[in-house]
Amino acid sequence: MSRTLTLNIFRFNPQDPDSKAHMEAFTLDETPSMTLFIALNRIRAEQDPSLQFDFCCRAGICGACAMVINGRPGLACRTRTADLPNEINLLPLPAFKLVGDLSVDTGTWFRQMYQKVESWIHTDKVFDPHAVEERMDNQLAEAIYDLDRCIECGCCVAACGTALMREDFLGAVALNRLARFILDPRDERTTQAYFDLVGTDEGIFGCMGLLACEDVCPKQIPLQEQLGKLRRKMALAAVNNILPKFMKPLE
Ligand code: SF4
Ligand code: F3S
Ligand code: FES
């Protein structure tokens, strides 16, 4: 027998001065293989066309449908209602600007953070569109790809206590992004250049090792490993900066 689900959904329209933040309950019958994305679409189609939430790919690729599901950030399109209790609470991701109801603006946040860590290959080589692409060792290419799989959903930011307390904290995702460029031999930045970008409390030294970022990442990106490596590299750079010049730099 199919269950009747109750979805308690956060409602607020920041554009409307009369709108007051509240939770609204919707009920609907569960269907086989239902995802939260399907449930929300049905509510919008059958009960309230004004309900705001984001989606694009429906396949865990675009990162648009992230929200807080029973207290935990996750993707609506990859969450099956069968894995949830009869009562489901849905809130927008914190840490991002609210667009309305469950919809938040992650794009502005990501653009600012990527600008802060200068998220592009830094090289003096002039690009030649006719040259044969330089070869890269397979293992290295795969290691870079592993860190490049981020879908910018924002779950790791929303789950991070530091990011919620400090607006300026770069967050695991931006630090992971930098780790990807450190691995890439085409990026000619020095360790000191990376240190100048993230060797601060806004950057790697602001991370308190709370671990929630990796717990909620829907792409299972090894954020802890990358944060650990980056912390060690930046700590050594900090020590090198205070050592007298004649001493060999630590690596
Ligand atoms: Fe989402 Fe994971 Fe990327 Fe964070 S690192 S934005 S949780 S995919
Ligand atoms: Fe936050 Fe992850 Fe560090 S949850 S404090 S970025 S380990
Ligand atoms: Fe694209 Fe959910 S709709 S990740």
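Treat the numbers as computed from the prediction; the structure is a model and nothing was measured.

## With respect to the overall build of the chain
Piece 1. A tally of helices and strands in the chain yields 9 helices and 7 strands.
Piece 2. Expressed along its principal axes, the backbone C-alpha trace of the chain runs to roughly 75 × 40 × 35 Å.
Piece 3. Counting across all 251 residues of the chain, residues that qualify as buried make up 30%.
Piece 4. For the chain, the share of sequence-separated contacts (at least 6 apart) that also reach a separation of at least 24 residues comes to 65%.

## A look at the site of ligand 2
Piece 1. In the region of ligand 2, the neighbouring residues are Cys160, Thr162, Ala172, Cys207, Met208, Gly209, Leu210, Leu211, Ala212, Cys213 and Leu227.
Piece 2. Split by residue class, the shell around ligand 2 holds 9 nonpolar, 2 polar and no charged.

## Description of the site of ligand 1
Piece 1. Residues in close proximity to ligand 1 total 14 residues, the closest being Cys150, Cys153, Cys155, Cys156 and Cys217.
Piece 2. Those elements that provide at least two residues to the shell around ligand 1 are helix 4 (155-158) and helix 6 (171-183).
Piece 3. Of the residues assigned to the shell around ligand 1, the class counts are 9 nonpolar, 3 polar and 2 charged.

## What to know about the nonpolar core
One recurring pattern in soluble globular proteins: nonpolar side chains tend to sit buried together.
Piece 1. Counting 59 residues, the largest nonpolar core has Met67, Cys156, Leu175, Leu178 and Val198 as its most contacted members.
Piece 2. Examining the composition of this core, we find that 7 residues originate from one element, helix 6, more than from any other.
Piece 3. For this core, the two domains that each supply at least three residues are domain 1 (4-104) and domain 2 (117-242).
Piece 4. Setting aside its immediate chain neighbours within four residues, Cys156 contacts Gly171, Ala172, Val173, Cys213, Val216, Cys217 and Leu223.

## Details of helix 6
Piece 1. With 13 residues, helix 6 should cover 18 Å at 1.5 Å per step; its first-to-last C-alpha distance of 19 Å lies within 8% of that length.
Piece 2. When you tally the buried positions in helix 6, you get 10 out of 13 residues, the bulk of the element.

## A short note on the domain arrangement of the chain
Piece 1. Assigned domains of the chain: these are domain 1 (4-104) and domain 2 (117-242).
Piece 2. Computed over C-alpha atoms only, the centres of domain 1 and domain 2 are separated by 31 Å.
Piece 3. Each side of the interface is counted separately: domain 1 has 15 residues, and domain 2 has 12 residues.
Piece 4. Listing elements by their share of the side of domain 1 that touches domain 2, those giving two or more residues are strand 3 (66-69) and strand 4 (72-75).

## A few points about helix 7 (residues 191-198)
Piece 1. Within helix 7, the full set of buried residues consists of Tyr194, Phe195, Leu197 and Val198. What you see down the axis of helix 7 is that its buried residues fit within an arc of 160°, all on one side.
Piece 2. Those residues of helix 7 that are buried lie in contact with helix 6 and helix 9 (223-242).

## Points about unusual backbone geometry
Piece 1. A positive phi angle, near 50°, is found at Asp101, a position not held by glycine.
Piece 2. Positionally, Asp101 belongs in the loop between strand 6 (97-100) and strand 7 (103-105).
Piece 3. Although it is not a glycine, Leu211 sits at a positive phi angle of roughly 70°.
Piece 4. Mapped onto the fold, Leu211 is located in the loop between helix 7 and helix 8 (212-216).

About the criteria used
- Residues numbered from 1 in each chain as written.
- Chains lettered and ligands numbered in written order.
- Predicted model: local features only at pLDDT ≥ 70, side-chain atom pairs only at ≥ 80, totals over all residues.
- Helix = DSSP H or I, 4+ residues; strand = E, 2+ residues; numbered from the N terminus.
- Buried ≥ 20, exposed ≤ 12 C-beta atoms within 10 Å, placed from the backbone.
- Contact = placed C-beta atoms within 7 Å.
- Near = placed C-beta within 6 Å.
- Nonpolar A, V, L, I, M, F, W, Y, C, P; charged D, E, K, R; others polar.
- Core = buried A, V, L, I, M, F, W, Y, C linked by C-beta atoms within 7 Å.
- Domains from an automatic or database assignment.
- Expected span 1.5 Å × (residues − 1).
- Arc of directions from axis to C-beta.

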